Amino acid sequence: MRKFSPEWFRQQFPALHEPYCYLDSAATSLRPQAVLDATQAYYQTGGTVHRSHYAAAQESTERYEACRQQVAQLINAACAQQIIWTRGSTESINLVAQAWLDDRLQPGDEIIVSELEHHANLLPWLMLAERTGAKVVPWPLNEQGFLVTEQLLPRLTTRTRLLAVTQMSNVTGYCPALAEIIAIAHQAGVPVLVDGAQGIVHHSTDVRRLNADFYVFSAHKLYGPTGVGILYAREDRLAEMRPVQGGGKMITQVNFEGYRLQPAPWCFEPGTPNIAGIFGLASALDFHQSVDWQAAEEWTCQLADLAAERLSALPGIRLFRATDSPIISFVFDDLHHADLFAIISEQHVALRVGQHCAQPLMQALGIEGTLRASFAAYNTYQDVEKLVNAVTFAYQLLTEEE
């Protein structure tokens, strides 16, 4: 039975058994005990995948491939073979750049990238454009910090080869209208890659309904292990990709005259994978199935709403937060965010400080960086209180010294 109890949910996370105000879940989530157990259990038993035929190895292969099916079900992919394992969202995006787009670019071709993007969804395209003579075209935000579809249309030309856009900003929590954006791009014949690293844990995702060409996310932001990423590719795009790395497990036959590839997705997964991490992801997805995530998200945003309301009462504070967002980024007039962070950190409140790997967005907002509090379903009213008290103390200490 799917349910959500804030107390029960928090108890599943060993890192929170001691008083710990963790507000950096947009960077990486904590892990429930079940995920830790699954990872440890693999290392205690061993057995590789797809190669050996003894019982433990065969069982590992079955569990490994079953997790691929779990991911397909999570995002409503048509089949598990559309799921490629990588080391994270960053590697997934780079794989699309190298295995699909590289051969399609000519000098003067264009890649549209929104101003919201994490560097992981910008640098691969800049590097690819530099190598091929193509160019990256920015899709800027409006004055309210939103992407306007009317401003996308004139940027879509006969030279546009891809649109890269996030599902959810890691700075403000703003979520673009993906279905509308993808439909507009497709009408112009432009494929779309969606970076779901932030959005996957907060919003149900149906890749078939969205009709996204590519969708990427990482296990570690979904209460799973680090070092495991997912690349979903629509079947027609998957057929157009070519492997860019070679190694064991990706071929059916090889000699000095040539080789014959495994079918997708296995031809894109050379070498021994992060088996323990994928087993941990499988456990995280089992955990996911046991929770009413709509209720969990409502709880998370309720906490963030309260924190934003309390923080907004402080003099000179500026909040950068979308409506119903679990993320609050903020700065104070005439106070440096790094100075504030140093004092807040001493109060044992775990925030993020800096540019959050989103320098173009910082430039668009006209700031050098922010403090960021990102809430998850394991946070509590006590965390809100600790955050507000720590920020207030830091503000008072710094302004008294002036």
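It should be noted that the structure appears before, not after, this text.
Just so you know, the residues in each chain are numbered from 1, in the order the chain's sequence is written. Where local features are concerned, this predicted model is filtered to residues with pLDDT of at least 70; where side-chain atom pairs are given and counted, the filter is 80 or more; whole-chain, interface and lining totals use all residues. To get the side-chain values, take all heavy atoms of the structure and skip hydrogens and water.

Undergrad: Please clarify how the side chain of Glu269 should be interpreted in this entry.
TA: Secondary structure elements follow DSSP: runs of H or I of four or more residues count as helices, runs of E of two or more count as strands, with numbering from the N terminus. By the secondary structure assignment, Glu269 is in the loop between β10 (258-261) and α10 (275-289). Polar contacts, as counted here, are pairs of nitrogen or oxygen atoms within 3.5 Å of one another; within protein the pair requires one atom able to donate a hydrogen and one able to accept it, and residues that are adjacent in sequence qualify only if both atoms are side-chain atoms. Within the structure, Glu269 has its side chain in polar contact with the side chain of Tyr64 (distance 3.5 Å). At 2.8 Å, the side chain of Glu269 and the backbone nitrogen of Trp85 are in polar contact. Every residue in contact with Glu269, bar those within four places of it in the chain, is listed here: Tyr64, Arg68, Ile83, Ile84, Trp85, Gly248 and Lys249. Contact definition: two residues touch when any of their heavy atoms are within 4.5 Å.

Undergrad: Hey, could you run me through the nonpolar core in this one?
TA: In globular proteins that are soluble, nonpolar side chains generally tend to be buried together. Core analysis: the biggest nonpolar cluster contains 101 residues, and Phe9, Phe375 and Leu387 have the highest contact counts within it. In this structure Phe9 touches Phe4, Tyr223, Phe287, Val291, Trp293, Ala377 and Tyr378, once residues within four positions along its chain are discounted. The criterion is simple. A nonpolar core is a set of buried Ala, Val, Leu, Ile, Met, Phe, Trp, Tyr and Cys residues joined through side-chain atoms within 4.5 Å. Accessible area is worked out with a 1.4 Å probe on protein chains only. A residue is then buried under 20% of its type maximum, exposed over 50%, and partly exposed in between. Counting residues in each nonpolar core, the second largest holds 28 residues, with Ile84, Ile93, Leu105 and Ala134 among its members.

Undergrad: What's the story with the pairing of strand β3 (residues 110-114) in this structure? I'm lost.
TA: Note on strand geometry: in a regular strand, side chains alternate between the two faces of the sheet. Among the five residues in β3, five count as buried, and that is most of the element. Neither face of β3 is open: one carries Glu110, Ile112 and Ser114, the other Ile111 and Val113, and all of them are buried. For two strands to be treated as a pair, DSSP must find at least two bridges joining them. With five bridges connecting them, β3 and strand β4 (residues 135-139) associate as parallel partners. Its bridge partner being in β4, Ile111 is matched across the sheet by Val136. On the question of chirality, the crossover connecting β3 to the parallel β4 by way of helix α5 (residues 123-132) is right-handed. Bridge count between β3 and strand β5 (residues 160-166): four bridges; the pairing is parallel. Crossovers are marked right-handed if the path from the first strand over the helix to the second runs clockwise, as seen with the strands pointing away from the viewer.

Undergrad: Looking at this structure, how should I read α10?
TA: An α-helical segment advances 3.6 residues per turn. Residues three or four places apart therefore align on the same side. Given a helix with a known number of residues, its expected span is that number minus one, times 1.5 Å. Given a rise of 1.5 Å per residue, 15 residues ought to cover 21 Å, and the 21 Å separating the end C-alpha atoms of α10 matches this to within 8%. Among the 15 residues of α10, 13 are classified as buried, and the element is accordingly described as predominantly covered.

Undergrad: Would you mind showing me how to read the sheet that holds β3 here?
TA: Two modes of strand pairing occur in sheets, parallel and antiparallel, and in both the strands are linked by backbone hydrogen bonds. Across the sheet, seven strands lie side by side as β2-β8-β7-β6-β5-β3-β4; this open sheet has mixed pairing. Two strands in the sheet have a free side with no partner beyond their single neighbour: β2 (83-86) and β4. Direction aside, the axes of adjacent strands within the sheet are offset by 20 degrees on average. Sheet topology places β2 next to strand β8 (residues 229-233); four bridges connect them, and they run antiparallel. Directly across from Ile83, in β8, lies its bridge partner Tyr232. Here the axes come from fitting lines to C-alpha atoms, over the contacting stretch only for helices, and the angles between their N-to-C directions go from 0 to 180 degrees. The sheet contacts of α5 involve β3, β4, β5 and β6 (192-195), and relative to β4 the element is tilted by about 145 degrees. Of the strands in this sheet, β4, β5 and β6 are in contact with helix α7 (residues 178-187), which crosses β6 at around 160 degrees.

Undergrad: I keep staring at the sheet that holds strand β14 (residues 352-354) and nothing clicks. Help me out?
TA: With respect to topology, four strands assemble into an open sheet ordered β11-β12-β15-β14, the strand pairing being antiparallel. Each edge of the open sheet carries a strand with a single partner, namely β11 (317-320) and β14. Averaged over all pairs of adjacent strands, the angle between their axes in this sheet comes to 25 degrees, without regard to strand direction. Pairing between β14 and strand β15 (residues 370-374): three bridges, direction antiparallel. Residue pairing across strands places Val353 opposite Leu371, the latter belonging to β15. Contacting β11 and β12 (327-332), helix α11 (residues 293-311) crosses the sheet at an angle of about 10 degrees to β12. The strands touched by helix α12 (residues 337-346) are β12, β14 and β15; relative to β15, the strand with the most contacts, the crossing angle is about 45 degrees.

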